[in-house]
Amino acid sequence: GAVVSQHPSWVICKSGTSVKIECRSLDFQATTMFWYRQFPKQSLMLMATSNEGSKATYEQGVEKDKFLINHASLTLSTLTVTSAHPEDSSFYICSAQTEPYEQYFGPGTRLTVT
Amino acid sequence: AQRVTQPEKLLSVFKGAPVELKCNYSYSGSPELFWYVQYSRQRLQLLLRHISRESIKGFTADLNKGETSFHLKKPFAQEEDSAMYYCALSKAAGNKLTFGGGTRVLVKP
């Protein structure tokens, strides 16, 4: 089956620094990947849609200059949290979309900003 | 904008009892509806989608456009069904998903 990986699985960073999270589709190509954020005991909130070779589409209220998304290849999308603050601490989950249109989810990345 | 509501945060049932997870949506068009499941320490995975009309792991879900609902049912719950369940909506094939708040199911022995 289709497998999506995320790296790292857990990261701790200091306030003001930037951290990059990778999302890879291991055995299929994904023209579209999605980035979600999940707070403890809450549901997934879509942050942005990442399309290979074009700019990401951000959901309302998501700062595109803070959450930089790059989808440079058909198997890799990255999310960079810039100038991280403690309120950015969360669980970040990506998904990759196959044809025909099924999303496969990564295991998530737990970000802790101190 | 579309919205998905799962009114129950927690459902606790005994093994062998029926279980029904409610999902209501608001969207003016013809959406695609999904149920996703997340077992403990595992990633989110698709359980079923309304267009396939399948029964997966004994679960079924029927789209009721009149009531804008997509409830998930299983006649005899098993302990391995204990998990977090999310209902999700997509405006069209390939579009982004909007998730409900999730329902935690606990099946007691």
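Placed above this text is the structure.
Residues numbered from 1 in each chain as written. Chains lettered and ligands numbered in written order. Predicted model: local features only at pLDDT ≥ 70, side-chain atom pairs only at ≥ 80, totals over all residues. Heavy atoms only, no water.

Moving on, we come to the state of the cysteines. Applying the stated criterion across every chain, the model contains two disulfides over all chains. Between the sulfur atoms of C23 of chain B and its disulfide partner C87 of chain B the distance amounts to 2.0 Å. A torsion of -65° about the S-S bond marks the disulfide between C23 of chain B and C87 of chain B as left-handed. On the criterion of sequence distance, the pair formed by C23 of chain B in the loop between β3 (19-21) and β4 (24-26) and C87 of chain B in strand β9 (residues 83-90) is long-range, its members being 64 residues apart. Here C13 of chain A is not disulfide-linked; the sulfur of C94 of chain A is the nearest cysteine sulfur, at 18 Å. (Disulfide = S-S within 2.5 Å. Helix = DSSP H or I, 4+ residues; strand = E, 2+ residues; numbered from the N terminus.)

Attention now goes to the sheet that holds strand β7 (residues 67-73) of chain A. Residues and elements named next belong to chain A. With antiparallel pairing, the four strands of this open sheet are ordered in space as β1-β3-β8-β7. The open sheet has two free edges, formed respectively by β1 (4-7) and β7, since each of these has just one partner strand. The average undirected angle you get between the axes of adjacent strands in this sheet is 15°. Sheet topology places strand β3 (residues 19-25) next to strand β8 (residues 76-81); six bridges connect them, and they run antiparallel. Bridge assignment links K20 to a residue of β8, and that residue is T80. (Pairing = 2+ DSSP bridges. Axes fitted to C-alpha atoms, helices over the stretch in contact; angles between N-to-C directions.)

All names here are of chain B. In terms of strand pairing, strand β7 (residues 60-64) meets strand β8 (residues 69-74) through five bridges, oriented antiparallel. Pairing of T60 across the sheet is with K73, part of β8. If you look at the hairpin formed by β7 and β8, you'll find four residues sitting between the two strands, and T68 has a positive phi there, around 45°.

Once that is clear, we can look at the pattern of salt bridges. This structure, assessed with the given rule, holds eight salt bridges over all chains. Salt-bridge contacts for R49 of chain B lead to E102 of chain A; the nearest nitrogen and oxygen are separated by 3.9 Å. Residue R49 of chain B is located in strand β6 (residues 45-49), and its partner E102 of chain A is located in strand β10 (residues 102-105); the two belong to separate chains. Its relative accessible area of 14% is what places R49 of chain B among the buried residues. The partner of E20 of chain B in a salt bridge is K22 of chain B, with the nearest N and O atoms 3.8 Å apart. Since its relative accessible area comes to 30%, E20 of chain B is described here as partly exposed. For K22 of chain B, a relative accessible area of 30% gives the class partly exposed. Several salt bridges converge on common partners, so that one network encompasses E102 of chain A together with E32 and R49 of chain B. (Salt bridge = Lys/Arg side-chain N within 4 Å of Asp/Glu carboxyl O. Buried < 20%, exposed > 50% of the residue type's maximum accessible area, 1.4 Å probe, protein only.)

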